[in-house]
Structure formats: structure tokens, C-alpha cells
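Listed below are the residues making up each chain.
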Protein chains: 2
Amino acid sequence: MKKVCILGSTGSIGTQALDVIGTEDNFSVTALAAGSNIQLLEEQIRKFRPTFAAVYDEEGAKMLRENVKDTAVKVLAGLDGIREAASAGAEITVTAMVGSMGILPTLDAIEAGSDIALANKETMVCAGDIVRSAAKRKNIHIIPVDSEHSAIFQCIGEKQSAVKRIFLTASGGPFAGKTRKELERVTVRDALRHPNWSMGAKITIDSASMMNKGLEVLEAVQLFGVEAKDIQVVIHRQSIVHSMVEFQDHSVIAQLGWPDMRLPIAYALSYPKVAMPCVKPLDFTEKMTLTFEKPDLDTFGCLRLGYEAARMGGTMPTAYSSAGEAAVSLFLAEKCTFLEIEEFVEKTIAAHKTVINPTLSCIIETDKWARAYVSALWEGKQ
Amino acid sequence: MKKVCILGSTGSIGTQALDVIGTEDNFSVTALAAGSNIQLLEEQIRKFRPTFAAVYDEEGAKMLRENVKDTAVKVLAGLDGIREAASAGAEITVTAMVGSMGILPTLDAIEAGSDIALANKETMVCAGDIVRSAAKRKNIHIIPVDSEHSAIFQCIGEKQSAVKRIFLTASGGPFAGKTRKELERVTVRDALRHPNWSMGAKITIDSASMMNKGLEVLEAVQLFGVEAKDIQVVIHRQSIVHSMVEFQDHSVIAQLGWPDMRLPIAYALSYPKVAMPCVKPLDFTEKMTLTFEKPDLDTFGCLRLGYEAARMGGTMPTAYSSAGEAAVSLFLAEKCTFLEIEEFVEKTIAAHKTVINPTLSCIIETDKWARAYVSALWEGKQ
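The shown structure was predicted, so the numbers you read here are calculated from the model rather than taken from an experiment.

Reading guide: rules and limits
- Residues numbered from 1 in each chain as written.
- Chains lettered and ligands numbered in written order.
- Predicted model: local features only at pLDDT ≥ 70, side-chain atom pairs only at ≥ 80, totals over all residues.
- Heavy atoms only, no water.
- Helix = DSSP H or I, 4+ residues; strand = E, 2+ residues; numbered from the N terminus.
- Buried < 20%, exposed > 50% of the residue type's maximum accessible area, 1.4 Å probe, protein only.
- Polar contact = N/O pair within 3.5 Å; in protein donor to acceptor, adjacent residues only side chain to side chain.
- Contact = heavy atoms within 4.5 Å.
- Buried area = accessible area lost by both parts, 1.4 Å probe.
- Salt bridge = Lys/Arg side-chain N within 4 Å of Asp/Glu carboxyl O.
- Nonpolar A, V, L, I, M, F, W, Y, C, P; charged D, E, K, R; others polar.
- Pairing = 2+ DSSP bridges.

(A) Spotlight on the side chain of B:Gln222. Residues and elements named next belong to chain B. With respect to the helices and strands, glutamine 222 occurs in helix 11 (residues 211-224). Residue classification places glutamine 222 among the buried positions, given a relative accessible area of 14%. One polar contact links the side chain of glutamine 222 to the main-chain amide nitrogen of aspartate 129, over a distance of 3.5 Å.

Spelled out as C-alpha cells, the structure:
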């Protein structure tokens, strides 16, 4: 039985991870952590019987503690509670929290010797150097859960030293093919309607703006040691090819599957073993057409800005990521337009003074600064 | 310097292998063997300075010996000469002879401790069990050169035990989409016009009839230990995806590249190192469309018969392969029609009494019998 901790258990990745775990006998759940959805967390506690359950929201934690006092679970509260849950001795930790608040608990899990099933891309985008050196020191694996990075991880196999380029596929999201003019009027509802993937709200908006692909480029730079200039984003509308790797001999290896997050989740949870099937197989005898084309960096400026952030390095990816988080929150609250997400990110990047080789506290400062800067930009427009 | 022997050096694969070797400093040529093209073989001798050169045609060998007496090369003659060349201490032997006559020299090379860059598929189709057990005993690698099998080999990597199915791609050849009626009148010239691949005459005809894909199914059964029922042939007209492997978790890994045999040849020659590039990289930012559909087993009966031969096992794949070779020779000599290739193969299979676990001499007997049977079928129709 592999001991699993899930940080962000009530979100999209968290619930799907528990789906996978629920169909197999090979896992036991050590700890669950959630933001505020204590009703779903209680159901998960009763089903998976973890030793620890942490709730970010302190009031929620209090209520949950009352509601599950008939069970043996120990309920923890706040970021400290989540960090305690992350340190509770799991063999693999699914880091599925939203945004940069995933960084500290991920580092705690690594320090406690847990492998990481990495779903929180901000961790690698903002603090990749620190996370990788901690992982190396503790001799643990970081197995990506993002479908693209899981694909790249699978394609590379034992051939890391022969990697030449990465083709990071992108569905293009709900607005692929649209013009800037058309993007002016899109609503939250439009942006949440992803054609292929069922995901959380923040990542779905990022997918519509292609900010998500910018973050994924930054994540791939950290995970696979490839420069951003050697990561080519490719529009692939069908979301069947999850990414590809070109090797030194110009041979390309691709990973394919249905667009279902349970596939990369199961891969990461079972690694280095091969997972049991949790999705139906692909059928190439039914007519299938796969298309590839270049992305429109003029229309989807958030992706272009991701490459800029990668080129600057240091704290710039944090400024990019955290400005994006703040801007998406404003958009989801219908306080700004879709194109203002890009505007706020671009202005934050322009204003940020990059610190090279930042410490963790410097990264956390940058995160706070970028959020405040976006707030100020928004205020200034009111 | 890796010492290389090329059996069939004047053919399509042989010349491309020497192209690859000529652009790298890592190889030295120990021995070359050819059928009868002594003019080209002489050029190769002068360029690559092998220790041995073998010519199947005894008269040709005599002439060559005279023509290159100013060099240090030792010219050998006949099948015995080729077998001596195959045993001459190469570290890797490219087996690029046409047809079942590749079997004995391949076994000789294995006995001499050479890795095999396998381009002669008949070796595995007819004598797979014997070849594999010899390879195991001598602890040598068999690295496939067929683009599909090279792709499968690359996709499997270290995950042999988790392989579930193989998707063997097929361009469909020049007659994809045609009806039986339309195939009645096709000429040798039509059949030699392959849309994507530049190959030798025999394999190009086999590609038009899809006999080649039947042989590849049988080859894959032997190379990868997968049952024929778990090998799905998929029509992929663009010949960019060279094959795919489905693993236990329903994740699919594919290998892609331009349709250029130098890619799998370089892969095999360099294995386990990754080869230097000898083809241009794929470009997914130019619009690219890849299609997949099921093959038409009713129109292309030679493929269906390959699955039947696989189901029977024993000497039946030899009967299938050798009948095909004899029938293609008749077609290339314009002595029979395109559809008679299938007719002769089908009748030979129907007449053959399978021997299970055949010895090498039993396989060689079957080869002779099948050729004679096709001759007799042809005679009977005159």
C-alpha cells in the first residue's frame, strides 16, 4: 500500500485523484487538505479514512472538527495545518492546490521524503530551482501531473541527455481562431466553456487566454532542463497528442490518450510502475484526424509574455504567474474584461525588477508585490 | 570505431546505411556483401576499405577480384562467401539482403557475436524462434531497421512488460482506397510508384499488396513477443507516425519522423547511443494533418493472410513469406497479374501442412517447397 497525501483534495485534480485511488487496492490515504469545501472533505474523510485532514479556512476547520468527531481523523487548520498534513509521512503527495500557495506545502512534503505528483504548476514556475535542489537532496521523484508534462516525462524515458526540443501541445481553448476584436466581448461563461478538458475555473480561464500554456512553458523549463527557445507550443485542437519530444537524431516521440486527467494522475501515483487502466483505449480504426499548427502569439499575448518571463528568469516567472492569478480572480469576479488579464500581466512584467537566483522569501515577496500591483492597476482604472 | 558489416550493401538499405556511415566518424566497415552489382560494390570497396567483400554471384566475384586486386580487400564468393563475411568479427551487422536467403548469414553473424541491425524481415518471420534464442545465448541485441519496428522498439523503451497492443501504421501504398476491380489491371509500373517511401522493388510491390504489412505483423510478433491479435494495422497515409504502442494504462506512445530510412538505420547503427541527425527535423508549426483509419482486409487479402499465417504459427509464416517472394518475382517479370500474387499466396497457405517448432532445415525445406508450389500454380495456369 502506497501512502498518499492529497493537497487540494476537493478540487478537480484532487477529486479525480481520489477516483483513481478508489478503484485500486494499492493506495492508502494518509492526509487530505482542502481550501474551504468541508462538506465534500467530510465525505472524502468518511470514504478514505485519512489520519489527517487540513482546511485552509480556520472557521471551516472548526466546523469540520465538530462534524467528524465520530471518526479518528485529526483535523488541522490554516496554512500551518496544511503544511503539517504535507509533512505527515506520505510516500507520494499530490500537489493540487491552486496557485502560488502550493509552494510551501510542496517543499514540506519534499523535506518529509515524499515523492511529488506535481499538479500545482506555480510551484515549479516560481520556485523551480529551490524545489529541484530540495528534491535532489532528499532523493525523491517529481512526477508531473499536467497532461502535457506527464506526456513529456513519458516520452523522455531514460533519454534525458538526448533531448533536443519539446513540442508542447495546446488545444487552443475555447477561443482558438478568434481575433483580438472578438476577444473584447467574451464573458466569464464563454471562457469557462473548454472544448476538450474538464478542469478547475482558474486553469480553464488560463487555457482560454493561453496564459496556461505560458505557465507550462515555464514549468517545462524547470522540469526538463530545456531552454524556453527549445520549447515550441503547437496548436493541436483534438487534445489527443499530449506533447512530443524531439531527440538529437530528429526522431520524435509523442504520448497520446483521451483528454482525461485520470490518465496522468494514475501515471504519477503508480510511478515507476505502470498504472492500471482508468480510461478507455484510443481507437485508431475509427477515422481519426490529428492536426497541428502554430499558435497565434499576437492574439494570445499571455503566451508571448510567458516566453518573455522565461527569457528574464529569476523572479520574473513569479511576477508573471502571480499577476495572472490576481487578474484571473478579477475576471472571474467580473471586475475586469478578458483582455485586461493580459494587460495587467504585461504591465506587471514591465514594472517588475527581476532578481536573479532569488531566495524563497524573495519569491514570496514577488508574489505579494505582483498581486498588489495588479490590484493597483485595477483600482487606477476605476 | 564501431565495426560494421553490411549484408546487401548495394541495395536500397545497404546504400543508405553506407550514406549514414559516410557522414560519421564512429564507424569502420569490416565487410560488405552483395548479390551481383559488382560495379557499385567496387565503388563501395574503394570508399570504405572493408577487409572482406562477398558476391553471391560466383562469376561476379571472379570479375570483382580482378578489378580490385590493387586493394587489400579479400573477395569471397557465393552464399558460403557471404556467410564468411558475416562471421568476420563486426560489432554490428546490417542484414539488408532480400528474402529468405538472409536467414543463414544472419545466424552466422549472431554466432560471431555481432549485434544485428535487422532489415531482412524474412529472418524473423521464418526463423524468429531460432534467431531469438541464438541472440539470447550470445547476448547480442537485435535492433530493427524497418521503420515501423524501429518505432515500436523506441516506443517500448524499458517498458516491455507493460505493452498491451501495437498499432502498426501503414501508408496504404499506391493503391489505398482502390477496389478489387481496379486492382485487376494495375501494372508493375503502377505498383512500383510508392507515394511516400523510396525502397527496393520487392518491398515496394509488397507494400502495394499490403503483403509487406502482413510480414511486418509476423516480424513484430517475433521481435516484441506480442500476439498477432494485439497488433492492429492502421492506415496512416502521411507516413509520419511510424508506429505506436499502447501500454497497460491505455497511454499510447508514438514515434514520428520524416519517411526516410536513414533515420531508423542510423538509430540501429548507433544503438544504444542516440544517433546524430541525418534527416531534417519535423515542423509542427507548418500546418500538419495526420489521419488514421482501419485497413481494408477484403481488398488487400495479403494482409489478412498474414494474420492467418500468424495464427497457425510454426512453418506457416515461412510458407506465406516464401510464396509471396516467388509470386512477386513472377509479377515483376510480368508473368502474373497483381491479384494473382494474393491468389498464389492463399493457395500455398491452404496447401501447406504446418510443422510446429520447426528446425532450421525444416524451415529451409518449407521455403523451397513454397517457391516450387507457386511455380507449379503458375505453370498450371499457362
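What follows continues from the structure just given.
(B) Looking closely at the interface of chain A and chain B. Contacts between the two partners involve 40 residues from chain A, matched on the other side by 40 residues from chain B. Across the interface of chain A and chain B, roughly 3700 Å² is buried in total on both sides, 61% from carbon and sulfur atoms. Considering only the side of chain A, the residues that lose the most area to chain B are A:Asp249, A:His250 and A:Phe284, jointly responsible for 18% of the buried surface there. At the surface where chain A touches chain B, the tally comes to two salt bridges. Measuring nitrogen to oxygen at the nearest pair gives 3.7 Å for the salt bridge that ties B:Glu293 to A:Lys287. Grouping the amino acids of the side of chain A that touches chain B by side-chain chemistry returns 21 nonpolar, nine polar and 10 charged. As judged from the five bridges shared by strand 12 (residues 288-292) of chain A and strand 12 (residues 288-292) of chain B, these two strands associate in the antiparallel manner. Among the inter-strand pairings, A:Leu290 is bridged to a residue of strand 12 of chain B, identified as B:Leu290.

(C) Seen up close, unusual backbone geometry. All names here are of chain A. Tyrosine 271 connects to proline 272 through a cis peptide bond whose omega is 5 degrees. You will see that serine 239, though not glycine, has its phi angle at about 55 degrees, which is positive. Considering the arrangement of structural elements, one finds serine 239 in the loop between strand 9 (231-235) and strand 10 (241-247). Take serine 239: its relative accessible area is 5%, and that puts it in the buried class.

(D) Quick look at the environment of B:Tyr373. All names here are of chain B. Relative to the assigned elements, tyrosine 373 resides in helix 16 (residues 360-381). The spatial distance from the C-alpha of tyrosine 373 to the C-alpha of alanine 326 is 9.2 Å, given a sequence separation of 47 residues. Those residues in contact with tyrosine 373 that lie beyond four places of it in its chain are Lys347, Thr348 and Ala351.

This is a description of form; function is not addressed.
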